[in-house]
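Architecture and fold: a report
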Amino acid sequence: MPGQTYAIEVRNTTADLSRLSWGFSLTALNGSNANAGTFTNLNAFTRLRTGNGRNYMTQTLAGTFIGQTRGSTWTFNWTAPATNVGPVTFYAAGMHANDDGGTDGDQTYTTTAVMQPGTPVVIHHGFADFDGDGKADLSTFRPSTGIWYLNRSTAGFTAMQWGIATDIITPADFDGDDKTDLAVWRRPA
């Protein structure tokens, strides 16, 4: 979604115990190969670098996790461009190094991911108008039970199970009938 901030996690994993330090580089580009969005550091393991007119998120020296086996993980934020720039491609390279001080024996892996721009959901009557009468309705979601409690101004109180404890609520008018629909987002496994 334009202007939204997303948490990005870059993960290197391997069963090869000879890999003892780690690295990565990631950039986000639009269809014209120009920078798309902005990156923000969250800790001392990542940094923003610029080269050839592009912005890259990479690891810091502390973020190479020297001596660590089986892999590494870095987290940072990416904020989508303020306006729809079309599909955004993330280009990533990961380094699995043997930590011998040279490049012989090190392994580099690359991947890409294309993200299509989202379409904002327009809600005509308010964030939580579950009955479409133009008035916001009181509602509560209890993650521990996955139960929504709704007090609709025209239909009264009701409770229904819709979701699980780890879900993030995302109610909106998804079908265009001027009524807020119950919805949750579940992080992929």
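Look up: the structure comes first, before these words.
So, a few notes on the structure that sits alongside this text. (Residues numbered from 1 in each chain as written. Predicted model: local features only at pLDDT ≥ 70, side-chain atom pairs only at ≥ 80, totals over all residues. Heavy atoms only, no water.)

Some points on the pairing of strand S10 (residues 147–152)
- Bridging between strand S9 (residues 138–142) and S10 involves 5 bridges; their strand directions are antiparallel. Considered in S10, the bridge of Phe141 is made with Trp148.
- Linking two consecutive strands that pair antiparallel, namely S9 and S10, is a turn of 4 residues; a positive phi of about 70 degrees is found at Gly146 within it.
- As paired elements, S10 and strand S11 (residues 156–161) share 6 bridges and run antiparallel to each other. Pairing of Trp148 across the sheet is with Met160, part of S11.
- Where S10 folds back onto S11 in an antiparallel hairpin, the turn is made up of 3 residues. (Pairing = 2+ DSSP bridges. Helix = DSSP H or I, 4+ residues; strand = E, 2+ residues; numbered from the N terminus.)

So, the packing of aromatic side chains
- Within the structure shown, the criterion is met by 8 aromatic pairs.
- Measuring from centroid to centroid gives 5.9 Å for Phe24 and Phe76, while their planes differ by 10 degrees, and the two rings are stacked. Of this pair, Phe24 sits in strand S2 (residues 21–29) while Phe76 sits in strand S6 (residues 71–79); the two residues are 52 residues apart in sequence, bridging distant segments of the chain. Phe76 matches Phe24 in its accessibility class, with the two residues each being buried.
- Centroid distance Phe45 to Phe65: 5.0 Å. Interplanar angle 45 degrees. Geometry classified as tilted. Separated by 20 residues along the polypeptide, Phe45 in the loop between strand S3 (38–41) and strand S4 (46–51) and Phe65 in the loop between strand S5 (54–59) and S6 bring together distant segments of the chain.
- By relative accessible area, Phe45 is classed as partly exposed at 33%.
- The buried category is assigned to Phe65, whose relative accessible area is 16%.
- Grouped by ring-pair contacts, the aromatic residues Phe24, Phe39, Phe45, Phe65, Trp74 and Phe76 constitute a single cluster. (Phe/Tyr/Trp six-rings, centres within 6.5 Å; stacked < 30°, edge-to-face > 60°. Buried < 20%, exposed > 50% of the residue type's maximum accessible area, 1.4 Å probe, protein only.)

What to know about the sheet that holds strand S7 (residues 88–97)
- One open sheet accounts for 5 strands, arranged S4-S5-S2-S7-S8; its pairing is antiparallel. Each of the sheet's edge strands pairs with one partner strand only, and the pair in question is S4 and strand S8 (107–115). Each adjacent strand pair in this sheet contributes to an overall mean axis angle of 20 degrees, direction not counted.
- Pairing of S2 with S7, which is carried by 9 bridges, proceeds in the antiparallel orientation. By the bridge assignment, Thr27 is partnered in S7 with Tyr91. (Axes fitted to C-alpha atoms, helices over the stretch in contact; angles between N-to-C directions.)

These results come straight from atomic positions and should not be treated as a statement about function.
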